[in-house]
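Close look at the chain arrangement
Listed below, chain by chain, are the residues.
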Amino acid sequence: MSEKVYPVSGDWAKRAWVDQAKYQAMYADSVKDPASFWGEQGKRIDWIKPYTKVKDVSYAPGAVSIKWFEDGQTNVALNCVDRHLATRGDQTAIIWEGDDPNESKLITYRQLHEEVCRFANVLKAHGVKKGDRVTIYLPMIPEAAYAMLACARVGAIHSIVFGGFSPDSLASRIEDAASAVVITADEGLRGGRKVPLKANVDAAADKVDCLKTVLVVRRTGGSIAMKEGRDVWYDEAAAKASTDCPVEPMNAEDPLFLLYTSGSTGKPKGVVHTTGGYLVYAAMTHQYVFDYHYGDVYWCTADVGWVTGHSYIVYGPLANGATTLMFEGIPTYPSISRFWDVVDKHKVNIFYTAPTAIRSLMAAGEEPVKKTSRASLRLLGSVGEPINPEAWEWYYRVVGDNRCPIVDTWWQTETGGILISPLPGATAQKPGSATLPFFGVQPQVVDAEGKVLEGPCEGNLVIADSWPGQMRTVYGDHQRFMETYFATYPNKYFTGDGCRRDADGYYWITGRVDDVINVSGHRMGTAEVESALVAHPKVSEAAVVGYPHDIKGQGIYAYVTLMTGEEPTEALRKELVTWVRKEIGPIASPDLIQFAPGLPKTRSGKIMRRILRKIAEDEFGSLGDTSTLADPGVVNDLIDNRQNKR
Ligand code: WTA
């Protein structure tokens, strides 16, 4: 662990919304009387009908219920678009930077309003009503933001599926949400390569019954099949649509979106976020954590297919009337300087990315960074996984020229917004620590039995009480919601993360303690990869664990037992990797596959993952107690044939 401390500079303490004294005072208020604190904060958005109740939350076992601002009415599009027209209609809302560096576009709030209304009218013309689920499978083009806001405008619930997911993964998400409408593009464009989005939708459509309409945005003009009666070109429908569309009044607790995310068991869950609390929380964290002031150019490099894109490309920034940059491409195309070229081109002030991107750029050395100016940068952010101190220092020194604080933001799809992070004018940073809780957030560290630990300690991270951005339920399965997050430690939200707290009260997230692995900042359930592998006809059994990976943070290590008589060949290894990519998507590709004649099991037949993890981590000297194994001999074979020998 790094012992270095980077204090807040005098300039930052002066310019920021919040300095240390203000942080401490506001934090104390926020936990002493949450209803009064959030009652005030709720006013940062416009309400169609003001709320009179602020917080109504129970974490009680079997009766978890979370409501914020429950009798208020508002609309997210009203807040992200319409309310800015009077004051900043001609200000740029979205800077779009294409995959090709010669392609970019500025969209003002007034243009955004027109586009969102037009899109909303197209949705209505295709029968979309309040409460309907609309699946969005789009690349990083402005239409992704228009589509999200159009759903919000008419009261439809969007479910975005990341463009890297396979037709199967897309189909199961369409089906779970029972979506009648999918919005996609002919093809996506990333790093100069085309992504067959419409073809993937066609393949997914064969597997579901609920789908009636596919709206297709023209992006590349590549040739695709259009199915009569189902598929509609968006530009043709939009040409006939009016740019006038009233907003649907929504209750604060009406769902805004579903977002599927991986857990330790079963299929991905539809995380449900609602309207009022989510927006208040996304807007407030965006303002304070990134210290956003009007006129700043803000860039979050995430994809809108992940929660970071929802809260910190679209909803938080636009609710704040910000200028938000949306990037279609990848950090290494057409050159490894691309991020910094874009920073210089659009004079980006605030830059928010993931540790995996930093580590991969770091591997190419300083020169591609140093040859760019980056003089506009003022603040850097990190999200998605723990940032190792070495990458933190490089980010700070090379990218930020020792001038820009780094906000290491810890949060989850489930939390809706950032829960633990430095505030740049208030919090001294320690490389590798997400530091201190945001307003209203009450982290606790508990041991395996649920005992709340005091002072410096290490254990599992729970949150003792609700905040407005918290997920409300798992779509269609409230029981699963309660079991996943509130059963391990009764009356507390369990994050699934391990963590350490130091003598200054700083939190250091150590990673997942469940069967979820974090590959390049993307969450992957080991059970999902295992079920994809055993679906292959030659595979009898599979066990998947994470192992340390220099660039990805964690890599996917699969132990595979073949059907009797099948040969463990190199060709089969490749075939299995291709198979998993096809079943789930490229982000789930196993990095290492070890063919194992047998897996370590207890006498009752339970796979001992602890042992498999140790072997994958190359720590076979500390396997722990193996006396409960049914056949201790399998372990020696696994060690002899382990794949990531150092
Ligand atoms: C991990 C992404 C350490 C963590 C917003 C969490 C982090 C999971 C950090 C959620 C961070 C995210 N430091 N770990 N700054 N940010 N994580 O749902 O394990 O895709 O539980 O949300 O990522 O991933 P998700």
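Structure: above.
Summary of the structure given here. Computed from a predicted model, the values in this text were never measured in an experiment. (Residues numbered from 1 in each chain as written. Predicted model: local features only at pLDDT ≥ 70, side-chain atom pairs only at ≥ 80, totals over all residues. Heavy atoms only, no water.)

The ligand sits among 17 residues. The nearest are D408, T409, T413, D497 and R523. One of the backbone nitrogen or oxygen atoms of P386 is found 3.4 Å away from a nitrogen atom of the ligand. Taken by itself the ligand offers 530 Å² of open surface, and the protein chains cover 96% of this. The set of elements that each furnish at least two residues to the shell around the ligand consists of α12 (307-319), β20 (406-409) and β26 (507-512). Among the residues forming the shell around the ligand, the class breakdown is six nonpolar, six polar and five charged. (Near = heavy atom within 4 Å. Polar contact = N/O pair within 3.5 Å; in protein donor to acceptor, adjacent residues only side chain to side chain. Areas by Shrake-Rupley, 256 points an atom, 1.4 Å probe, with all protein chains shown as cover. Helix = DSSP H or I, 4+ residues; strand = E, 2+ residues; numbered from the N terminus. Nonpolar A, V, L, I, M, F, W, Y, C, P; charged D, E, K, R; others polar.)

Attention now goes to the pairing of strand β31 (residues 592-595). Side-chain alternation along β31 places L592 and Q594 on one buried face and I593 and F595 on a second face that is also buried. For strand β30 (residues 553-562) and β31, the ladder comprises four bridges, and the chain directions are parallel. Directly across from A558, in β31, lies its bridge partner I593. Each parallel crossover has a hand, and the one from β30 via helix α19 (residues 570-583) to β31 is right-handed. (Buried < 20%, exposed > 50% of the residue type's maximum accessible area, 1.4 Å probe, protein only. Pairing = 2+ DSSP bridges. Right-handed = clockwise from strand over helix to strand, strands pointing away.)

Moving on, we come to the side chain of E385. Relative to the helices and strands, E385 resides in the loop between β19 (379-383) and α16 (389-399). On the accessibility criterion, E385 (10% relative accessible area) is buried. A distance of 3.3 Å separates the side chain of E385 from the backbone nitrogen of T356, its partner in a polar contact. Ignoring any residue separated from it by four or fewer positions in sequence, one finds E385 in contact with P355, T356, R359, N518, S520, G521, K552 and G553. (Contact = heavy atoms within 4.5 Å.)

Now for the layout of surface pockets. The calculated volume of the second largest pocket comes to roughly 300 Å³. Looking at the second largest pocket, it is lined by 13 residues, and the ones nearest its centre are S172, K267, P268, E528 and S531. Its residues assigned to classes, the lining of the second largest pocket comprises four nonpolar, four polar and five charged. (1 Å grid on protein atoms, 1.4 Å probe; cavity = no way out; pocket = protein on both sides within 12 Å on 5 of 7 lines; lining within 4 Å. Points joined across faces, edges and corners; volume = space filled by probe spheres on them.)

Shape descriptors only; they carry no functional weight alone.
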